[in-house]
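Residues per chain, in single letters:
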Amino acid sequence: MVGATAKERAGTSGPAQGPGAPRVMRADARRNHGRLLAEARAAFAAHGTDASLEDVARRAGVGIGTLYRHFPNRHALMSAVFEDAVSDLLARSRELLDAPQPCTALVEWLRAIISHASAYRGLARALMSASHDDGSHLARCSGPMREAGNALLLRAQESGAVRPDVSIGDLLQLTNAIALAAEETPDDPALADRLLNLTLRGLKP
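Residues numbered from 1 in each chain as written. Predicted model: local features only at pLDDT ≥ 70, side-chain atom pairs only at ≥ 80, totals over all residues. Heavy atoms only, no water.

S.K.: Just checking my understanding: could you explain the packing of aromatic side chains for this structure?
M.R.: For any pair of aromatic rings, the description rests on two quantities: the centre-to-centre distance and the angle between the ring planes. Taken as a whole and judged by the stated rule, the model has two aromatic pairs. Ring centres of F44 and F82 lie 6.4 Å apart, and the angle between their planes is 35 degrees; on these two criteria the pair is classed as tilted. Note that F44 is positioned in helix α2 (residues 27-47) and F82 in the loop between α5 (74-81) and α6 (83-96), a separation of 38 residues in sequence. Taken individually, F44 and F82 each receive the classification buried, so the pair is uniform in this respect. Consider the rings of F82 and Y120, whose centres lie 4.9 Å apart with planes at 55 degrees: the pair is tilted. Here the residue F82 occupies a position in the loop between α5 and α6, and Y120 occupies one in the loop between α7 (102-117) and α8 (123-130), the gap between them amounting to 38 residues. Ring pairs connect the aromatic residues F44, F82 and Y120, which therefore count as one cluster. (Phe/Tyr/Trp six-rings, centres within 6.5 Å; stacked < 30°, edge-to-face > 60°. Helix = DSSP H or I, 4+ residues; strand = E, 2+ residues; numbered from the N terminus. Buried < 20%, exposed > 50% of the residue type's maximum accessible area, 1.4 Å probe, protein only.)

As structure tokens, this is what we get:
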């Protein structure tokens, strides 16, 4: 990293060193990491995902260089901020795999995605753009989501409730588009549900 000393590099949260061995952060680096995440969550919730990273760093009490040592770009920071939400969605997908009505389970999970994406202005747009960039931190984060959604979709297709030519990639893009439309129309809180219901009508055989 340009301008970083050996001591600074030793305290960063970068890629794993050696197979399966996560890099251990020093105590001060862990504190910085935690403060940056907390301030980023607050900033993204208040101002959207385009919030100033300089302000995030300042509120966390560190310089912008420290922020970039922990999170090399905005998508890396966004991915870390939304990690808890992704974990919740993955856990919910596993629960819904045992639901008696596969199509209802799929719809419930898609509705949960819309709800999470709507919590941060700009997230839906970022997720849609990241789907075309396999190297993006957000795109890598979406892999487990695709697997989870595909399992629910396959159950719905096997039950005959959803057409066999529907792909999870297209379905997630539609879901993000619905979240984006709802974000752009805050005075119509029922819009997301209406659009989701319209989408689902097109999924039926």
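After that view, the rundown keeps rolling.
S.K.: What's the story with the packing of α7 against helix α10 (residues 168-184) in this structure? I'm lost.
M.R.: Helix packing geometry: the angle between the two helix axes and the distance between the axes. Contact geometry of α7 with α10 gives a least axis separation of 9 Å together with a crossing angle of 45 degrees. Judged by the angle between their axes, α7 and α10 are oblique. For the pair α7 and α10, the crossing hand works out as right-handed. On α10, the residues that touch L106, W109, L110, I113, I114 and A117 of α7 are L171, L172, T175, I178 and A179. Each residue belonging to the contact of α7 with α10 can be placed in one class, and the counts come to ten nonpolar, one polar and no charged. (Axes fitted to C-alpha atoms, helices over the stretch in contact; angles between N-to-C directions. Parallel < 35°, antiparallel > 145°, perpendicular 65-115°, else oblique. Left-handed = near helix turned anticlockwise from the far one by under 90°. Contact = heavy atoms within 4.5 Å. Nonpolar A, V, L, I, M, F, W, Y, C, P; charged D, E, K, R; others polar.)

S.K.: Quick question: what am I supposed to make of helix α11 (residues 191-203) here?
M.R.: Counting along an α-helix, one turn takes 3.6 residues, and residues three or four places apart therefore face a common direction. Over its 13 residues, α11 runs 19 Å from end to end, which matches the ideal 18 Å to within 8%, given 1.5 Å per residue. Residues L191, A192, L196, T199, L200 and L203 constitute the buried set of α11. Looking straight down α11, one finds its buried side chains confined to an arc of 165 degrees; they lie on one side. More than 90 degrees from the buried face of α11, the exposed residues found are L198 and R201. For α11, the secondary structure elements touched by its buried residues are α7 and α10. (Expected span 1.5 Å × (residues − 1). Arc of directions from axis to C-beta.)

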